[in-house]
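Structural overview for review
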Amino acid sequence: MGHRILALIIKEFLALFRDKKSRMAVIVPPIFQLLVFGYAATFDLEHAALAILNEDTGGFSRDLAGRFERSSGFEVVGYLRSEAEIAPLIDRGGALLALHIGPQCSSDAARGESCNIQVLIDGRNSNTAMLALNYVRSIVSDFNEERAELNGVKLPARLNMRAWFNPNLESRWFIVPGIIALLAMIVTLVVTALSVAREREAGTFDQLLVTPLRPWEILIGKAMPGLLVGVGEASLIIAVAVFWFKIPLVGQLSVLYPALIIYVLSIIGVGLMISSFSATLQQALLGAFLFIVPAVILSGFSTPIANMPAFMQALTYLDPMRYFLTIVRRVFLEGAGIEYFWHDLWPMSIIAAVTLAMATWLFRHRMY
Amino acid sequence: MARPAVSPLHSSPHAAFAPTAPSAAPTGAAPDSAAALVLDQVRKTFTIEKKQITALDGVSCAIRPGMVTGLIGPDGAGKTTLMRLCAGLLTPDQGSLRALNIDVVREPLKVQASIGYMPQRFGLYEDLTVLENLDLYADLQGVEAEARAERYAQLLAMAGLEGFRGRLAGRLSGGMKQKLGLVCTLVRPPRLLLLDEPTVGVDPVSRRELWQIVYHLVEAEGMSVLLSTAYLDEAERCAEVVLIHQGKILGHDHPRAFSQQVEGRTWQVRAPDMPKRALQRALSHNPAVLDALILGKAIRVVSRDRTPLQPIGLPSEIAVEVAPVAPRFEDYFVATLKDDHAAANGDNHITLRQTSDRLAGQDVITVDNLVRRFGDFYAVDHVGFRVRHGEIFGLLGANGAGKTTTFRMLCGLLPISSGACTVAGMNLRTAAAAARAKIGYMAQKFSLYGNLSVMQNLKFFSSAYGLRGARRSGQIDWALSTFNLEPFAATESQSLPLGFKQRLALAVALMHEPEVLFLDEPTSGVDPLARREFWVQINSLADQGVTVLVTTHFMEEAEYCDRLVIMADGRVLAEGTPEAMKEGFSGGVGREATMEDAFIGLLEANRNEANLKSAPQAAKASA
Amino acid sequence: MKPGRLLRVKGMIRKEWLQVIRDPSSIAIAFFLPMLLLLIFGYGVSLDAKNVRIALVVEQADSQSLSFAGGFYQTSYFAPLALNSIQEAETALRQSKVDGIVWLRHNFGRDYLRKDSPPIGVIVNGVDANTARLIEGYVQGIWFGWLEQQAERAGKKLQSPVQLEQRIWYNPEVRSTDFLVPGVLAVIMTLIGALLTALVIAREWERGTMEALLVTRISVVEILLGKLIPYFILGMGGLALSLAMAHSLFHVPLRGSLWLLLATSALFLWVALGMGFFISTIFKSQFVAALVAMVSTFLPAFILSGFIFDIQSMPPIIQGLTHLIAARYYVSILQTLFLVGDVWSVVLPNAAALVGMGLFFHGMVYRKTRKNLE
């Protein structure tokens, strides 16, 4: 029995890795995607194009403008001479935001009154707009505090803000561990979703079913390559995340791996289910696609689950990626131990058990 | 007739015979301007995975207008390449081609505008209806709107498709699809028609109808037709035949001229008291015999020379009747090409290491009132039959008759809607997995792992069947040597030649020494010589007590079965021995009825009854 | 156009169209998938944090502390959870029960009255950096509001040296739907264009229908036209459906002109179809073509087009890479047309880039499709 399964596993690996093309297809694109997406997928604002219209000539406004010029978040793309220049510039995307300092600014400040400045932000990408606004606000409030202190005035209370786990709030620390979950899912799903469908199309699945192999033996044989490829690929990405992107790995790998294995098993279950359901490769591919898109969006990979409406939040509980995504981020950045994500682990295990059992049943009972 | 010694391989038949009509000689003579198609020293090579393969090697011939010319040769002879070259879809490496006096290489578009070409797998759009397919090709060929109604009516009537104008092409039977494909090529009548294996996988009734269409076109419209085929009996329906082998033309003549060459070497041997398989085996061991083929109760023999055949090697107490018979094209084909298959002349008998008589004398396969529904469509409609131990049992029928569905239910691959079937006393769908170790299965198309080597396939399947240790390695060695697979052990199985793929599939099905062997159209697409070899192997298995269930649409293969059923529309039309089946049907003038005649007769009777809306069960004939 | 040619193209179009409407999977890709994506993105995806769970630790319930804390109850941004000690709050943060902590120490009220400028402790969970920043911004807003309120109560005006007046143009309420939905349109059009057509030429090769087509009088241009037009119509249908949904369900404003939107969309669709045909022509197997289409068109359209992630913030190499993605130009045009108006200085350069890419793909397809089997 063990002997039969071993033969099946060897065969599955040979089928997957014997030819160079399919070896490359499994290994190369994920690495490439990791590098591109790791750099591309960022919510940090860097070198946002800023235009400055300073109608004032005093030192006060020069000091203020200097704060913006020196900030790493902004890059000054131009100094304007009149208000009429602002709108066309922003309209054509020449600048993300414009800072307008009125002619009376320095004299107002000298009189002890507030100097009113205006910031105009391109809201086409509302997220970028909000980020830019927050940057502007923090520059202005730092400036205010310093000026107030210079004048011997103190604010009645001050904010003392800290961020745990990611003190500089780098969004790459958030995205890159997410890519581990994302790519592990895509690779595992592609490997498994195509495995049964490909055999059905080639007729080899019938040949397999008339041997004395039992369905659960076939399941193990089919699951092993997915497990190895999924876990292997994830390990590679973890290494790149730690050594290339320098994402801090605070937690223990010994905590992460059991979760990773359960996650990959649940994806294998889904993949084999899709695969046993489809009669052709095309159907399997479409099925995998129809699973991946909502699974990624509902997992909280790019946007937080908490922001979704209630019915969609309910749907996310069916998504294995949701659980693993939380775990991998928390293990990486918070160093969370298993006691902190136990409630993420057991639903994922149930999904794995159910999908694997369904897939096994479908091997023989698909109606066609 | 006194004849010179038989011309050896590769010599032109013209060397020995003067054809009755002036032949378009396949020599490098000046192209005959009257010819419909002229090929001159055409050479074509392909590069597949860095290996250069010569598909056509200096081919010259002229196809005469106003008649059907058959292009005949085994698989891989270069038939399809030749057709594609003529249609301007490929460019030759060397040589020239002229179709209807137009240079194909220089003006492919002009040629394509005036010829009709039907590829092997004609591209019908299966999700379009019959009429929509016709409309598409009428548009593409620029048929005027006014002329269409009349042309459609004429073509559809000819093909017997009038009643199916609105049906999706995908829902037509295999034969109807081929006829529709032909009709689509004919929407605008071409002067030259190229048909690439139009009758492959088509049941005998549709085949007969396809030929009628072709004859009609030649007679009524004066069309020139070049038709390639792997069915040797079709050679005799052509006015001229071009025999092609390994990219070279072996001969170009009237079909009769070919068969005449083996005149005096063909015999029919009968021994009523001897089982036909034993008789065949005895005869094939006779050194004077080149080929021995079961045909009904008799054995058809091609001898190595014209000396009268002596029934040596047979038990003396048995009455043996040897009679000369008229030669067929197939005899010439075998006589010419079998020498090439040196290995095929050796002993093809398979000897299993262990055989079991556990089931001797029992019904090994039982099928009772078996039904399989898909929605409200009955793919298998109350089918019943019994297969006895050590029997070769055939399941015959056209495409879509329900053969494969029955087969899959027996193997436990498809759930049963109602009824019952057992194999070796068990239902394979519900029995324990170990029960499946008793059966061997060979699927319709090659279905082993293509990207694994021969050795890896053998290793995997032997383990999957639970063989291990010394027995496993012993059986792998046995498989490699019995099926001559040693030289290919490390070859990727998908790049094996077709005949070897089929051997590998049989080896996999036999390694665990099954009691029952299921073969689903095992020989489709395999050339006639490899088919013969295969059947010798199957016969030897049956002699050792293996029960064999086989489906086929080659009617002559039905002759090899001990008993068979003929199926149509999911029902059994007839059951019995091949001889009993043929009784009551007459052949053509002056010849014995063949299996094909019986099949067509049964099917036509069934169709008539269906038309009369008689009770569905009434068509059940029994032998 | 010669009459024969017109007839042949018409025949191809009719055939292709019949195949589309009879194949459930094309309908699924053209209509079901866009609806699913729009619904998920329109309803499900939002970068605007609301009801953020935040722990409020007020150690001394004096009037200053309470009035500050009160601000958190009056906004929909926060769903505060009152806790008694900072230890409790930190545990809650570690367990992911809250995303941030606001901590008023017991001496807050006293120090405030002494004008000692007492600190307000704010801790956010930085794992989700983007949300963390938004939370910080919200907290700052509340804090500032509270300062103003306190000043007013004391009969003074809050005097800070610089008063910031902010205006967010085109999307003053900063609704992320308004920028995500136009972006989804680009993804959908890529999907219809590339994924659907990546299969169609490969399918003809695989089913053997190409061989039968090639021997008729039809020319390469005619085959390509016959395939382009039906899928173009289908794509425009998908676009119309998506536009209707964007307008009626998600109330995304359209400030530019509809005709320009349709014209540029048609242009992009033409490019996407070209990409699909290109993939299809090079990879003659449906399976490989579909995989390549997914990896090379759909995923980049998602991540590298500027649809979610801002291109300006990417490293220069990656920014350079985005110029190879057609969806990038279309996303730019769409966001401008929807939220700004007909800004020719945005539309024209992007449209020119699209024309260039389209010519490249269609030119390559024309060159690679031959009327023979070599």
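Quick caveat, the model's predicted, so the values are computed rather than measured. (Residues numbered from 1 in each chain as written. Chains lettered and ligands numbered in written order. Predicted model: local features only at pLDDT ≥ 70, side-chain atom pairs only at ≥ 80, totals over all residues. Heavy atoms only, no water.)

Now for the overall build of chain A. Broken down by element type, chain A carries 14 helices and five strands. Scaling as 2.2 N^0.38, a compact globule of 368 residues should have a C-alpha radius of gyration of about 21 Å, whereas chain A reaches 28 Å, well beyond that. Dimensions of chain A along its principal axes, counting C-alpha atoms only, are 95 × 45 × 40 Å. Scored against the burial criterion, the 368 residues of chain A give a buried share of 61%. Taking all contacts inside chain A whose residues are at least 6 apart in sequence as the whole, residues at least 24 apart take part in 80%. (Helix = DSSP H or I, 4+ residues; strand = E, 2+ residues; numbered from the N terminus. Rg over C-alpha atoms; globule rule 2.2 N^0.38 Å. Buried < 20%, exposed > 50% of the residue type's maximum accessible area, 1.4 Å probe, protein only. Contact = heavy atoms within 4.5 Å.)

All right, on to the domain arrangement of chain C then. In terms of domains, chain C is made up of domain 1 (3–45 + 175–368) and domain 2 (52–153). One C-alpha centre belongs to domain 1 of chain C, the other to domain 2 of chain C; they are set 48 Å apart. (Domains from an automatic or database assignment.)

Time to look at the interface of chain B and chain A. Counting residues at the interface gives 36 residues for chain B, matched by 27 residues for chain A. When chain B packs against chain A, close to 2,800 Å² is buried across both sides, 56% of that on carbon and sulfur atoms. Contact with chain A buries surface across chain B, with Arg-436, Tyr-449 and Phe-460 of chain B losing the most and accounting together for 20% of the total. Summed over the shared surface of chain B and chain A, the number is one salt bridge. Note that Asp-206 of chain A is salt-bridged to Arg-408 of chain B, the shortest N-O span being 2.3 Å. If you look at where chain B meets chain A, you find ten residue pairs in polar contact (both at pLDDT 80 or more). Where the side of chain B that touches chain A is concerned, the elements lending two or more residues are strand 15 (363–374), strand 19 (439–442) and helix 11 (454–464) of chain B. Sorting elements by how many residues they give to the side of chain B that touches chain A places helix 11 of chain B first, with five residues. (Buried area = accessible area lost by both parts, 1.4 Å probe. Salt bridge = Lys/Arg side-chain N within 4 Å of Asp/Glu carboxyl O. Polar contact = N/O pair within 3.5 Å; in protein donor to acceptor, adjacent residues only side chain to side chain.)

Here we take up the interface of chain C and chain A. Contacts between chain C and chain A engage 98 residues on the former and 91 residues on the latter. Both sides of the chain C and chain A interface together cover about 9,000 Å² of buried area, and 67% of this is carbon and sulfur. The tally of links from chain C across to chain A stands at 21 residue pairs in polar contact (both at pLDDT 80 or more). Its residues assigned to classes, the side of chain C that touches chain A shows 59 nonpolar, 26 polar and 13 charged. The pairing of strand 5 (residues 158–164) of chain A with strand 4 (residues 119–125) of chain C spans seven bridges and is parallel. From the neighbouring strand, Arg-162 of chain A faces strand 4 of chain C, where its bridge partner is Ile-123 of chain C. (Nonpolar A, V, L, I, M, F, W, Y, C, P; charged D, E, K, R; others polar. Pairing = 2+ DSSP bridges.)

Right, let's talk about the sheet that holds strand 8 (residues 224–229) of chain B for a bit. Residue and element names in this part refer to chain B. Strand order in the open sheet made by the six strands is 6-7-8-3-9-10, with mixed pairing throughout. Every other strand in the sheet has two partners, leaving strand 6 (115–118) and strand 10 (248–253) as the edge strands with one partner each. Neighbouring strand axes in the sheet, compared pairwise and without regard to direction, differ in orientation by 15° on average. Summarising the sheet, strand 7 (residues 192–196) and strand 8 pair through five bridges and their orientation is parallel. Across the sheet, the residue bridging to Leu-195 is Leu-227, located in strand 8. (Axes fitted to C-alpha atoms, helices over the stretch in contact; angles between N-to-C directions.)

Before going further, it helps to examine unusual backbone geometry. All names here are of chain C. A positive phi angle, near 55°, is found at Lys-115, a position not held by glycine. By secondary structure assignment, the location of Lys-115 is in the loop between helix 5 (108–113) and strand 4. Given a relative accessible area of 61%, Lys-115 falls into the exposed group. The phi angle at His-251 is positive, at roughly 50°, despite the residue not being glycine. Note that His-251 resides in the loop between helix 9 (220–248) and helix 10 (258–282).

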